[in-house]
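# Coordinates in review
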Amino acid sequence: MIKFLDLQKINLTHQAEIEERLIATFRSGWYLLGNEVKVFEENLAKYTGSAFAIGVANGLDALRLILRAYIELGIFQKGDEIIVPANTYIASILAISDNDLVPVLVEPSLEHYNIDIDKIEEKITEKTKGILIVHLYGRVIFSEKLKEISEKYQLKVIEDNAQAIGATWKGIKTGNLGDAAGFSFYPGKNLGALGDAGGITTNDEALAKTIRALANYGSNQKYVNIYQGLNSRLDEIQAAVLDVKLKYIDTENDRRKEIAAIYIAEIKNPKIVLPENPKDIAEHSWHIFLIRSEDREALQKYLTDKGVQTLIHYPIPPHKQQAYKEWNDLSFPITEQIHREVLSLPISPVMTDEEVLSVIQIINEF
Ligand SMILES: *Cc1c(COP(=O)(O)O)cnc(C)c1O
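Residue positions are given per chain, counting from 1 as you read along its sequence in written order. Reporting in this predicted model follows two pLDDT cut-offs: at least 70 for local features of residues, and 80 or more for side-chain atom pairs to be given and counted; totals over whole chains, interfaces and linings ignore these cut-offs and use all residues. With hydrogens and water stripped out, all remaining heavy atoms of the structure feed into the side-chain values.

## A word on the packing of aromatic side chains
Each aromatic ring pair is characterised by the separation of its centres together with the angle its planes make. How we decide: Pairing of aromatic side chains here covers Phe, Tyr and the six-membered ring of Trp, requires ring centres within 6.5 Å, and sorts the geometry by plane angle: under 30 degrees stacked, over 60 edge-to-face, intermediate tilted. What counts as a helix is a DSSP run of H or I of at least four residues, what counts as a strand is a run of E of at least two, and both are numbered from the N terminus. Counted as over-ring charges are cases with an Arg CZ or a Lys NZ within 6 Å of the ring centre that also lie within 35 degrees of the ring normal.
Evaluated as defined, the whole model comprises ten aromatic pairs. Both rings, one in Tyr89 and one in Tyr314, keep their centres 5.2 Å apart while their planes meet at 35°; by these two values the pair is tilted. Of the two residues, Tyr89 sits in the loop between β2 (81-85) and α5 (90-98) while Tyr314 sits in the loop between α10 (296-305) and α11 (333-341), which places them 225 residues apart along the sequence. What links up through ring pairs into an aromatic cluster is the set Phe40, Phe183 and Phe185. Directly above the ring of Tyr47 sits Lys173, whose terminal nitrogen or CZ lies 4.1 Å from the centroid. Seen from the ring of Phe366, Lys271 lies directly overhead, with NZ or CZ sitting 4.8 Å from the centre.

Next up, the structure:
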C-alpha cells in the first residue's frame, strides 16, 4: 500500500540526531521555558527572517494568541471584523470567534484555492481590523494588491502558516509576509513535532512581548500577572525535536516540490483537475497535493482498491458545520465546490520515485 503520509519513516530519517537531543533534554532535568525552546525560537526567527519567534502549545493557540494580543494592545476590540477565507481548516476561524471577533468569510479562487484577493475590498466595513490569510495546502497567498488594501484600510495582516513553512513570495518566507504569523507543528505538518506544538513569528516587538506574557498566564515576571492569560507553552522536548527537524525542512520541502512537479507533468486524465500555475511550484511547500474531480467518490474508492491511500481536505466547509449553524444557510459556491471535489494524493519527503510513478499510472488508468 502507498501511504498518504509515512510519519514514522519521516521521523526515523533523523533517528540518531533526534534521540540524542531527546535523551539530553530528559537528562537535563529542565522541561519548560528553558534553553531548547530559546534555541528553537532563535532558529525559527532566523529561518523566516522575522525579528521574533515564540513557541506555543499548538497552531490554534498561536492564532488565538496573536488576535488576543492585538486586543490587549487596544488595536482590536471585541466585535471587530476579521476577513478570513471561507475555504480553510476550521481552526483559522475558531481563533477569531474565540476572541469575540467576527469572522467575515471571503470566497477562494479556483485557481489556487486560497482567498480571492479581488473579493476582499467589497467585504471591508468600518469594523474591519484585520485579514487572516491562510496559505492553505502549502500554497503561498500574497500580492502587492493585498498589501495595498491592508495599508489603505490600516488592517493587520495575519498569516495562518500552519501548512506552509518554507514557502516563499518574491523570496520572502511565509511567516514574514504580514504583521504576525501562526505556525502549527502538529506531527503531520511539514515541520512536525512528536505531539502538539506551535509557534508565532512577528517583527513587532510590543506584540511579541504581549504574546509571550499571554502564553504564560499573562505574566512576564514570575507571580506578577498583567493580563488574564492562558497556559500555552512549547515544551523543551518538542522544541528539541523541532530544532533538529528545522535544519532539514528545506531539503524535505524540495523533495515535495519534485514530487509535485512530476505529478503535474505526468498525471493526464480528463476527469482530473491538477493545480494551476505549475510555474510557481518552487514557491509552495506542498503540504498537500490536491486534485479535483467531479467523480471524487468513485476516484477515491478506485485508488483505495488499488492500494493508494488518499484523504479529503476537507469534506465539510466551515460555514456548513454545526459549530457555526448561524452560517449554514449562507452560500459560498466556490468553497462548496472545492469541498465536494477535492482529493489529496500521497506526498511526502520519504515517498520514492517508484511510489510516485505508481500513483500516476494508477490515476491515469482511472
Ligand atoms: C493544523 C492547522 C491549524 C491548527 O494547528 P494545531 O496545531 O492543530 O492546533 C490551523 N490552521 C490550519 C490551516 C491548519 O492546517
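From this point on, the discussion continues.
## Topic: the nonpolar core
Note the threshold: Remark: nonpolar core denotes a set of buried residues (Ala, Val, Leu, Ile, Met, Phe, Trp, Tyr, Cys) joined through side-chain atoms within 4.5 Å. Three exposure classes are used, based on accessible area relative to the maximum for each residue type with a 1.4 Å probe and protein chains only: buried under 20%, partly exposed in between, and exposed over 50%. The domain boundaries here were taken from an automatic or database domain assignment. Whether two residues touch is decided by their heavy atoms; if any such pair falls within 4.5 Å, the residues are in contact.
Formed by 35 residues in total, the largest nonpolar core has its most connected members in Tyr263, Ile267, Phe289, Ile291, Leu303, Leu345 and Val359. The set of elements that each furnish at least two residues to this core consists of α9 (249-266), β12 (289-292), α10, β13 (342-345) and α12 (353-364). Counting residues per element, this core draws most heavily on α12, at five residues. Taken together, domain 1 (7-105 + 115-242) and domain 2 (248-365) each give at least three residues to this core, which thus spans both. Excluding residues that lie within four positions of it along the chain, Leu345 makes contacts with Phe4, Tyr263, Ile267, Phe289, Ile291, Leu303, Thr310, Val359 and Ile363. Ranked by size, the runner-up nonpolar core spans 33 residues in total, among them Ile200, Leu207, Ile211 and Trp327.

## Describing the site of the ligand
Using the following cut-off: When we say a residue is near a molecule or strand, we mean one of its heavy atoms is within 4 Å of it. Counted as a polar contact is a pair of N or O atoms within 3.5 Å, where, for protein atoms, one must be capable of donating a hydrogen and the other of accepting one, and residues adjacent in sequence contribute only when both atoms are in side chains. The Shrake-Rupley method, run with a 1.4 Å probe, gives the accessible areas here. Residue values count only the displayed protein chains as cover.
In the vicinity of the ligand, the contacting residues are Asn58, Gly59, Leu60, Tyr89, Ala91, Val134, Asp160, Ala162, Gln163, Ser184 and Lys189. Leu60 has a polar backbone atom sitting 2.8 Å from an oxygen atom of the ligand. When isolated, the ligand has an accessible area of 380 Å², and the protein chains bury 90% of it.

## Regarding the domain arrangement of the chain
Under the convention used in this document: Accessible area, probed at 1.4 Å, shrinks when two parts are joined; the buried area is that loss added up over both. Every case where a carboxyl oxygen of Asp or Glu lies within 4 Å of a side-chain nitrogen of Lys or Arg is listed as a salt bridge. We call Asp, Glu, Lys and Arg charged. Ala, Val, Leu, Ile, Met, Phe, Trp, Tyr, Cys and Pro are nonpolar, and the rest, Gly among them, are polar.
The domain boundaries assigned to the chain delineate domain 1 (7-105 + 115-242) and domain 2 (248-365). Look at where the C-alpha atoms of domain 1 and domain 2 centre, and you get two points 25 Å apart. Contact residues are listed per partner, giving 34 residues for domain 1 and 32 residues for domain 2. Surface buried jointly by domain 1 and domain 2 totals about 2900 Å² across both partners, of which 56% is contributed by carbon and sulfur atoms. Here domain 1 is connected to domain 2 by zero salt bridges. Our count for the domain 1 to domain 2 interface comes out at 18 residue pairs in polar contact (both at pLDDT 80 or more). Listing elements by their share of the side of domain 1 that touches domain 2, those giving two or more residues are α1 (7-12), α5 and β3 (102-106). With four residues, α5 is the largest single contributor of residues to the side of domain 1 that touches domain 2. Tallied by class, residues from the side of domain 1 that touches domain 2 come to 16 nonpolar, eleven polar and seven charged.

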